[in-house]
Amino acid sequence: MLDQIHRLPQEVVITAVAAPYTSFRNQAVIARRLDYRPLQDVIERRPAYVPALAEELKPGRGYCDITVDEVDEAIRGLASPHVVIRRHAVCVLGERRLGAAVARRVLPLLGQTVSKDPDATVRRLAILSLRGWRKESYRHANVISEALNDPNEDVRETAAYWLREQNGRPA
């Protein structure tokens, strides 16, 4: 299929490739399971599409909701060499509704992402995803405190916001 898309306008291809990762998927009668392999394939085989994919899948555009059964794929996405995938994965893992068992697995990984991801946007999004877990994320305050020294101003500001918000909550 990818070999045939070169005949389609780029914007059509980008919309089609991005759709399974956006809120568009939430409207499907039968949603396909989260799978980053098709997105990774396009990124690797058509690098010219990456800027448009990054724009289409930028945070705030509306990501798909994942289920507990899709958490493993999202976790795999955190380790992707492709920033577009890592940004998506870190956001979809910030959903508290996924439950306590997922929190035990995901929160330490989000903390590692805050500390170690090479992309500042991914680090900032990891802080916001930890915020989404509310009180379950309190024990990761040390990681957020360390992010106050991040080289990126947006990461530092987001960390300061998270810590102010936590300090205002009852224990």
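Residues numbered from 1 in each chain as written. Predicted model: local features only at pLDDT ≥ 70, side-chain atom pairs only at ≥ 80, totals over all residues. Heavy atoms only, no water.

**Q** Mind laying out the overall build of the chain, listing which residues take part and the relevant values?
**A** Of the regular secondary structure elements, the chain holds nine helices and zero strands. Mapped from its N terminus to its C terminus, the chain presents α and β elements in the order α-α-α-α-α-α-α-α-α. Taken across its 171 residues, the chain has 43% of its residues classed as buried. A sequence separation of at least 24 residues applies to 69% of the contacts in the chain between residues at least 6 apart. Surface accessibility of the chain: about 9400 Å² in total, with carbon and sulfur atoms responsible for 52%. (Helix = DSSP H or I, 4+ residues; strand = E, 2+ residues; numbered from the N terminus. Buried < 20%, exposed > 50% of the residue type's maximum accessible area, 1.4 Å probe, protein only. Contact = heavy atoms within 4.5 Å. Areas by Shrake-Rupley, 256 points an atom, 1.4 Å probe, with all protein chains shown as cover.)

**Q** Account for the side chain of R86, naming residues and giving values.
**A** As for its position among the elements, R86 is in helix α5 (residues 83-92). The contact partners of R86, leaving out residues within four places of it in the chain, are G77, L78, S80, P81, D117, P118, D119 and V122.

**Q** So what about the nonpolar core? Which residues, and what values?
**A** By size, the foremost hydrophobic cluster in this structure holds 48 residues, and its most contacted members are L39, I66 and L93. Sequence-distant contacts of L93, defined by excluding residues within four places in its chain, comprise I66, V71, A74, I75, L78, V106, L110 and W133. (Core = buried A, V, L, I, M, F, W, Y, C linked by side-chain atoms within 4.5 Å.)

**Q** Give a description of the pattern of salt bridges that names residues and reports values.
**A** Applying the stated rule across the entire model yields 14 salt bridges. A salt bridge links R45 to D41, with the nearest nitrogen and oxygen atoms 3.7 Å apart. Taken together, the residues R45 and D41, both in helix α2 (residues 37-45) and four residues apart, mark about one turn of the helix. The partly exposed category is assigned to R45, whose relative accessible area is 42%. Note on D41: relative accessible area 30%, which makes it partly exposed. Through salt bridges that share partners, E55, E56, K58 and R61 make up one connected network. (Salt bridge = Lys/Arg side-chain N within 4 Å of Asp/Glu carboxyl O.)

**Q** A description of the environment of R32 should follow, citing residues and the corresponding values.
**A** Mapped onto the secondary structure, R32 falls in the loop between α1 (10-18) and α2. Spatially, the C-alpha atoms of R32 and Y21 are 9.8 Å apart, while their sequence positions differ by 11 residues.

**Q** Mind laying out the side chain of H82, listing which residues take part and the relevant values?
**A** Position of H82 relative to the elements: it lies in the loop between α4 (71-78) and α5. In contact with H82, not counting residues within four places along its chain, are Q40, I43 and E44.

**Q** Describe the packing of α4 against α5, with residues and values.
**A** One can describe the packing of α4 onto α5 by two numbers: an axis separation of 7 Å at closest approach and a directional angle of 135 degrees. Judged by the inter-axis angle, α4 sits oblique to α5. Considering how the two elements wind past one another, α4 and α5 form a crossing that is left-handed. Contacts between α4 and α5 involve A74, G77 and L78 from the former and I85, R86, A89, V90 and V92 from the latter. Across the contact of α4 with α5, the residue classes tally to six nonpolar, one polar and one charged. (Axes fitted to C-alpha atoms, helices over the stretch in contact; angles between N-to-C directions. Parallel < 35°, antiparallel > 145°, perpendicular 65-115°, else oblique. Left-handed = near helix turned anticlockwise from the far one by under 90°. Nonpolar A, V, L, I, M, F, W, Y, C, P; charged D, E, K, R; others polar.)

**Q** Explain α2 to me, and be specific about the residues and the numbers.
**A** Residue pairs spaced three or four apart in an α-helix point in one direction, given the helix's 3.6 residues per turn. Listed in full, the buried residues belonging to α2 are L39, V42 and I43. For α2, the angular spread of the buried residues around the axis is 100 degrees, confining them to a single face. In this structure, the buried residues of α2 make contact with α1, α3 (50-56) and α5. (Arc of directions from axis to C-beta.)

**Q** Break down helix α7 (residues 120-132) for me, citing the residues and quoting the values.
**A** Helix length check: α7 (13 residues) gives 19 Å between terminal C-alpha atoms against 18 Å at 1.5 Å per residue, within 8%. Taken as a whole, α7 has its buried residues at A120, V122, R123, L125, A126, I127, S129 and L130. Of the surrounding elements, those touching the buried residues of α7 are α5, α6 (100-116), α8 (141-146) and α9 (153-167). A distance of 3.2 Å separates the backbone nitrogen of T121 from a side-chain oxygen at the start of α7, and that oxygen is part of D119. Downstream of α7 by one or two residues, R134 has phi in the positive range, about 55 degrees. (Expected span 1.5 Å × (residues − 1). Polar contact = N/O pair within 3.5 Å; in protein donor to acceptor, adjacent residues only side chain to side chain.)

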